[in-house]
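# Descriptive analysis of the structure
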Amino acid sequence: MKWFMFCVAMNFIAAIVLIGAGATELNNLGTSVPALLCVAAGICGLIEIRKNK
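Below you will find a few notes about this structure. Bear in mind that the values here come from a model prediction, so they are computed numbers and not experimental data.

Calculation criteria
- Residues numbered from 1 in each chain as written.
- Predicted model: local features only at pLDDT ≥ 70, side-chain atom pairs only at ≥ 80, totals over all residues.
- Heavy atoms only, no water.
- Helix = DSSP H or I, 4+ residues; strand = E, 2+ residues; numbered from the N terminus.
- Buried < 20%, exposed > 50% of the residue type's maximum accessible area, 1.4 Å probe, protein only.
- Expected span 1.5 Å × (residues − 1).
- Phe/Tyr/Trp six-rings, centres within 6.5 Å; stacked < 30°, edge-to-face > 60°.
- Axes fitted to C-alpha atoms, helices over the stretch in contact; angles between N-to-C directions.
- Parallel < 35°, antiparallel > 145°, perpendicular 65-115°, else oblique.
- Left-handed = near helix turned anticlockwise from the far one by under 90°.
- Contact = heavy atoms within 4.5 Å.
- Nonpolar A, V, L, I, M, F, W, Y, C, P; charged D, E, K, R; others polar.
- Patch = residues over 30% accessible without salt bridge, like charges linked within 9 Å, V, L, I, M, F, W, Y side chains within 5 Å.
- Areas by Shrake-Rupley, 256 points an atom, 1.4 Å probe, with all protein chains shown as cover.
- Salt bridge = Lys/Arg side-chain N within 4 Å of Asp/Glu carboxyl O.

### Comments concerning the overall build of the protein
Within the protein, the regular secondary structure consists of two helices and zero strands. A total of 53 residues make up the protein; the buried ones form 19% of that total.

### A short note on helix 2 (residues 29-52)
Along its 24 residues, helix 2 runs 34 Å from first to last C-alpha, staying within 8% of the 34 Å computed at 1.5 Å per residue. Taken as a whole, helix 2 has its buried residues at Thr 31, Ala 35, Cys 38, Gly 42, Gly 45 and Ile 49.

### Considering the packing of aromatic side chains
Applying the stated criterion across every chain yields a total of one aromatic pair. Residues Trp 3 and Phe 6 carry aromatic rings whose centres are separated by 6.0 Å and whose planes lie at 85° to one another, so their mutual orientation is edge-to-face. In this pair, Trp 3 and Phe 6 are both assigned in helix 1 (residues 2-21), three residues apart and thus about one turn of the helix distant. Using a relative accessible area of 68% as the deciding quantity, one classes Trp 3 as exposed. Take Phe 6: its relative accessible area is 43%, and that puts it in the partly exposed class.

### As for the packing of helix 1 against helix 2
Axis separation between helix 1 and helix 2 bottoms out at 8 Å; the angle between their running directions is 155°. By the angle between their axes, helix 1 is roughly antiparallel relative to helix 2. Judged by the sense of rotation from one axis to the other, the crossing of helix 1 with helix 2 is left-handed. Of helix 2, the residues touching helix 1 (which contributes Phe 4, Met 5, Val 8, Asn 11, Phe 12, Ala 14, Ala 15, Leu 18, Ile 19 and Ala 21) are Thr 31, Pro 34, Ala 35, Cys 38, Val 39, Ala 41, Gly 42, Ile 43, Gly 45, Leu 46, Glu 48 and Ile 49. Residue classes in the contact of helix 1 with helix 2 are distributed as 17 nonpolar, four polar and one charged.

### Some details on a nonpolar patch on the surface
There is a patch of nonpolar side chains on the surface, built from Trp 3, Phe 6, Met 10, Ile 13 and Val 17 and spanning about 560 Å² of accessible area. Among the structural elements, Met 10 can be located in helix 1. You can call Met 10 partly exposed: its relative accessible area is 38%.

If you want it as structure tokens, here you go:
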């Protein structure tokens, strides 16, 4: 369970890094799409953690 929480946290950190990398351009699809996928994976992970508690 600790590893799963770590993976969820890393998804959000990766999203922040990707958004920061693409912040110089307004519509940078190279970083915004993976960032959105990381956020979606993090949210799904949080939902799964709440279900298991």
